[in-house]
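Given next are the chains, with one letter for each unit.
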Amino acid sequence: VQLVESGGGLVQPGGSLRLSCATSGFTFSSYGMSWHRQAPGKERELVAAITNIGDSTNYVDSVKGRFTISRDNAKNTVYLQMNSLKPEDTAVYYCRAVHSQWRYWGQGTQVTVSS
């Protein structure tokens, strides 16, 4: 099983980034997917989640209206479009796959929002 995040980097406040999480080794279309983040000295938090077929999403209040989670089951990939980024969005972002008792995590990608 592999989950590989990409797309992180340094961006100015107000800018945008698109994170990708490419997966392999499991039946992607059976798994709910989510993005989480962890800032230095803070606990990891759920940012956004999407059902296995993409018919429902949910977001933490702090990113509603700015972030969009989506998935492409043909490419076994989940995305996080992040707009209007703020310094408080700085964190390592992780994707996670969940199905029944199974949980898989990626290794994370750093997002830094700074001028």
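All figures in this text were calculated on a predicted structure; none of them were measured in a lab. Each chain carries its own residue numbering, running from 1 in the written order of its sequence. Where local features are concerned, this predicted model is filtered to residues with pLDDT of at least 70; where side-chain atom pairs are given and counted, the filter is 80 or more; whole-chain, interface and lining totals use all residues. The basis for the side-chain values is all heavy atoms of the structure; hydrogens and waters are excluded.

**Quick notes on the nonpolar core**
Formed by 28 residues in total, the largest nonpolar core has its most connected members in Trp35, Val78, Leu80, Met82 and Tyr93. Going along the chain from the N terminus, every DSSP run of H or I of four or more residues is numbered as a helix, and every run of E of two or more is numbered as a strand. The element that contributes the greatest number of residues to this core is strand β9 (residues 91-99), accounting for four residues. Excluding residues within four positions of it along the chain, Tyr93 makes contact with Glu5, Leu19, Trp35, His36, Arg37, Val47, Phe67, Leu80, Met82, Gly108, Thr109 and Val111. Only buried residues count toward a nonpolar core. Its members are Ala, Val, Leu, Ile, Met, Phe, Trp, Tyr and Cys residues joined through side-chain atoms within 4.5 Å. Accessible area is worked out with a 1.4 Å probe on protein chains only. A residue is then buried under 20% of its type maximum, exposed over 50%, and partly exposed in between. Contact criterion: two residues are considered in contact whenever any of their non-hydrogen atoms come within 4.5 Å of each other.

**Examining unusual backbone geometry**
A positive phi angle, close to 55°, is found at Asn76, a residue other than glycine. Looking at where Asn76 falls in the secondary structure, it is placed in the loop between β7 (67-72) and β8 (77-82). Owing to a relative accessible area of 28%, Asn76 belongs among the partly exposed residues under this scheme. You will see that Ser100, though not glycine, has its phi angle at about 55°, which is positive. With respect to the helices and strands, the residue Ser100 is situated in the loop between β9 and β10 (102-105). Judged by relative accessible area, Ser100 falls into the exposed class, the value being 53%.

**So, the pairing of strand β4 (residues 32-38)**
When a strand is regular, its side chains alternate between the sheet's two faces. For β4, a buried count of six out of seven residues is recorded, marking the element as mostly surrounded by other parts of the structure. Across seven bridges, the pairing between β4 and β9 is antiparallel. Bridge pairing links Arg37 to Tyr93 in β9. Only strands joined by at least two bridges in the DSSP assignment are considered to pair. Relative to strand β5 (residues 45-50), β4 runs antiparallel, the two being bridged by five bridges. Within β5, the position partnered with Met33 by the bridge is Ile50. Between β4 and β5, which follow one another and run antiparallel, lie six residues, and Gly41 among them has a positive phi close to 75°.

**Concerning the pattern of salt bridges**
Counted as salt bridges are all cases of a side-chain nitrogen of Lys or Arg within 4 Å of a carboxyl oxygen of Asp or Glu. Inspection of every chain in the model, using the stated rule, returns four salt bridges. The partner of Lys64 in a salt bridge is Asp61, and the shortest N-O contact between them spans 3.0 Å. Take Asp61: its relative accessible area is 61%, and that puts it in the exposed class. Its salt-bridge partner being Arg66, residue Asp89 comes within 2.8 Å of it at the nearest N-O pair. Of this pair, Asp89 sits in the loop between β8 and β9 while Arg66 sits in the loop between β6 (57-59) and β7; the two residues are 23 residues apart in sequence, bridging distant segments of the chain. Like Arg66, Asp89 is buried. Residues joined by salt bridges that share partners form a network here, namely Arg37, Glu45, Arg66 and Asp89.

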